Protein chains: 2
Amino acid sequence: MDELMPIGRFSRLCWLSIKALRVYDDQGLLHPAHVDPDSGYRYYTPDQAATARVIATLRTLDMPLASIREVLAEPDPDRVRDLLDRYRMVLEQRIDRHRHMLNRVETFIRKGAVMAYEITTRDTAPTEVLGTTYPSSVDSLPQTSAVAYHRVYAAIAEAGGRPAGPPRMVYLELADDTWTIEACVPVMGLSQAPDGFSLHQVRGGLAAVTRHVGPYDELGLAYREVEAWIEAQGLTSNGAPYDVYLNDPSEVGDPAKLETEIVWPVTRS
Amino acid sequence: MDELMPIGRFSRLCWLSIKALRVYDDQGLLHPAHVDPDSGYRYYTPDQAATARVIATLRTLDMPLASIREVLAEPDPDRVRDLLDRYRMVLEQRIDRHRHMLNRVETFIRKGAVMAYEITTRDTAPTEVLGTTYPSSVDSLPQTSAVAYHRVYAAIAEAGGRPAGPPRMVYLELADDTWTIEACVPVMGLSQAPDGFSLHQVRGGLAAVTRHVGPYDELGLAYREVEAWIEAQGLTSNGAPYDVYLNDPSEVGDPAKLETEIVWPVTRS
DNA sequence: CCTGGAGTCTGCCCTCGGGGACGAGTCAAG
DNA sequence: CTTGACTCGTCCCCGAGGGCAGACTCCAGG
């Protein structure tokens, strides 16, 4: 039982490469039962194969060595379950991400090109809007904006006005991690802004405009497209860009059918 | 339009890091329109942002740079579509793999441990089997074995015998890439093997036995478990191991409910 | 013309989990 | 004792950049 075997035999026993076993020794996942102090030879006992198998199994699940080390160091089965459950969530997110990528590749295949927006210039009319300005991290934008629009619509109704067009979002300032945005809605019949909101006129004028059909998280790419088009046309950006949500996510259902107009005010130079 | 801009401005325009742009230059994905031969400064034109955006888009899909280079070099839209379609299949396989890993993690969570087989020794009875021996790569094993069992059952019926137990697979020789296996079925009422098959008696005797519940591709881990257990018990392997398929995949449906017995002949040393 | 600050260059090290090769030392059987 | 198999540590490699260091370059203001 306490028979010691060198690394080669052990590697054949547990189906791990010698190289991998050495790495697991270095990383503290599986130290040999005995290391000859003179030669440095590693010697393992047969029952260490149990640990080796756990490592091998978890590695086939792509679990990082650091996480495996935690699992091995945890004697409480319930907490092992928690660790595995945490990794399960990691895997689920990864699948979601990949599924999402798959959708986008399929979109590109349908379109026959990686990306093709028709961008034009248009003269936009001045519009009175009620909105609320706030900072948001890029990741939490969907959540925060849902709340914000809800509040804006409620405020319009309470103040006795009525919406005069689809909602829009203005991108006022884009620091790397946190954006300052305004969620606003064109409005009629209001003379004064409710507390915590701002009522103001959006200056009209020339703008580069395009329409994006698809999920909102592809909007970033569309913006870059417009930005580059403006530059290539020799135009000059003139104010914060905004997008107009032409249909309602809660009614449409399928994100691939969401329609958004992107408007970027410009001047001819 | 043919205005040249240095890398920093271009990087802000197309939302790619300077470092990434330099890599794309080195890798031949996007060479700057002009490189100053004295200073080495890279200068880009605004319309190069189109290519940059394609790269950025495909990178968000995790496509490797080499594949992106192919896409960019391909002028024919139909062939671009083919390339994207090929990548779509890669993504689909990746999702399948991850979904599969997810299933296994969930199994482990349910079991409360990473792996726990009950392994025992048992005296096995000699059995007469009809089988066919062939080499197969590890990957194509499911396909080849399905065909092989089909042929064996047909041969038994045609020769006038009848099956005397669930089918089994014997692992005769395991080279790294190609295994030599025998697909066989216990049989009664046959005196002579049909052409291309072998009729022989499986020697009984002591064996280490365990039962695996779950998809067949987890069998490898179960085998390692048994192998290590044999070693740890101080027993000696004595002949080719085999597994017995206790229920039928075509009837069970859910791979998580497949039951397989693993039998490994041993002797006490 | 000079200077300072911002921009850019190349080159090196780091990631993560090992695979492959190299030169030197070690073990065990004959 | 020899020989062949085994094992040791070390270095380089994979992909797609991130981060840093040190040197060079550009441009605007004085």
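Residues numbered from 1 in each chain as written. Chains lettered and ligands numbered in written order. Predicted model: local features only at pLDDT ≥ 70, side-chain atom pairs only at ≥ 80, totals over all residues. Heavy atoms only, no water.

1. Remarks on the relation of the copies chain A and chain B
Working step 1: Between chain A and chain B, the superposition needs a rotation of 180° and an axial shift of 0.0 Å, giving an RMSD of 0.1 Å. The transformation relating the two chain copies, once decomposed into turn and shift, fits a two-fold axis. Residues of chain A ranked by C-alpha distance from the rotation axis are headed by Ile95 of chain A, positioned 3.0 Å from it.
Working step 2: The overlap is high: 98% of the interface residues of chain A also sit at the interface in chain B, so the same surface is used on both sides. (Least-squares fit on C-alpha atoms with pLDDT ≥ 70 in both. Contact = heavy atoms within 4.5 Å.)

2. Brief notes about the side chain of Gln48 of chain A
All names here are of chain A.
Working step 1: Inspection of the secondary structure assignment puts Gln48 in helix H3 (residues 48-60).
Working step 2: For Gln48, a relative accessible area of 13% corresponds to the buried category.
Working step 3: Separated by 3.1 Å, the side chain of Gln48 and the backbone nitrogen of Ala33 make a polar contact.
Working step 4: With residues near it in sequence (within four places) discarded, Gln48 still touches Phe10, Leu30, His31, Pro32, Ala33 and Tyr43. (Helix = DSSP H or I, 4+ residues; strand = E, 2+ residues; numbered from the N terminus. Buried < 20%, exposed > 50% of the residue type's maximum accessible area, 1.4 Å probe, protein only. Polar contact = N/O pair within 3.5 Å; in protein donor to acceptor, adjacent residues only side chain to side chain.)

3. Some details on the domain arrangement of chain A
Put simply, an interface is often sized by how much accessible area is lost when its parts join up.
Working step 1: Split by domain assignment, chain A resolves into domain 1 (5-73), domain 2 (78-112) and domain 3 (120-268).
Working step 2: Here the C-alpha centroids of domain 1 of chain A and domain 3 of chain A sit 56 Å apart. (Domains from an automatic or database assignment.)

4. Quick notes on the sheet that holds strand E1 (residues 5-6) of chain A
Residues and elements named next belong to chain A.
Working step 1: Spatially, three strands are ordered E1-E3-E2 in an open sheet, and the strand pairing comes out antiparallel. Each edge of the open sheet carries a strand with a single partner, namely E1 and strand E2 (34-35).
Working step 2: Where E2 meets strand E3 (residues 42-44), two bridges bridge the pair, whose relative direction is antiparallel. Its bridge partner being in E3, His34 is matched across the sheet by Tyr43. (Pairing = 2+ DSSP bridges.)

5. Concerning the sheet that holds strand E2 (residues 34-35) of chain B
Working step 1: Ordered in space as E1-E3-E2 (chain B), the three strands form an open sheet in which the pairing is antiparallel. What marks the edges here is a single partner per strand, and that holds for strand E1 (5-6) and E2 of chain B.

6. Considerations on helix H1 (residues 7-14) of chain A
It helps to recall that an α-helix has 3.6 residues per turn; residues three or four apart then point in one direction.
Working step 1: Buried residues dominate H1 of chain A, accounting for six of its eight residues.
Working step 2: Considered for burial, the residues of H1 of chain A that qualify are Ile7, Gly8, Phe10, Ser11, Leu13 and Cys14 of chain A.
Working step 3: Next to the buried residues of H1 of chain A lie E1, helix H2 (18-26), E3 and H3 of chain A together with helix H7 (219-232) of chain B.

7. Here we look at the packing of helix H7 (residues 219-232) of chain A against helix H1 (residues 7-14) of chain B
Working step 1: Axis separation between H7 of chain A and H1 of chain B bottoms out at 8 Å; the angle between their running directions is 135°. The angle between H7 of chain A and H1 of chain B places the two elements in the oblique class. Contact with H7 of chain A, carried on its side by Arg224, Glu227, Ala228 and Glu231 of chain A, involves Arg9, Arg12, Leu13 and Cys14 of chain B of H1 of chain B and no other residues of that element.
Working step 2: Its residues assigned to classes, the contact of H7 of chain A with H1 of chain B comprises three nonpolar, no polar and five charged. (Axes fitted to C-alpha atoms, helices over the stretch in contact; angles between N-to-C directions. Parallel < 35°, antiparallel > 145°, perpendicular 65-115°, else oblique. Nonpolar A, V, L, I, M, F, W, Y, C, P; charged D, E, K, R; others polar.)

8. Comments concerning the packing of aromatic side chains
To describe a pair of aromatic rings, you give the distance between the ring centres and the angle between the ring planes.
Working step 1: Per the stated rule, a full pass over the model turns up 14 aromatic pairs over all chains.
Working step 2: Arranged with centres 6.0 Å apart and planes meeting at 55°, the rings of Tyr223 of chain A and Trp264 of chain A form a pair that is tilted. Taken together, the residues Tyr223 of chain A in helix H7 and Trp264 of chain A in strand E13 (residues 259-268) connect sequence positions 41 residues apart.
Working step 3: Ring geometry for Tyr171 of chain B versus Tyr223 of chain B: centroids 5.3 Å apart, planes at 70°, classification edge-to-face. Highlighted residues: Tyr171 of chain B in strand E7 (residues 168-174) and Tyr223 of chain B in helix H7, separated in sequence by 52 residues. (Phe/Tyr/Trp six-rings, centres within 6.5 Å; stacked < 30°, edge-to-face > 60°.)

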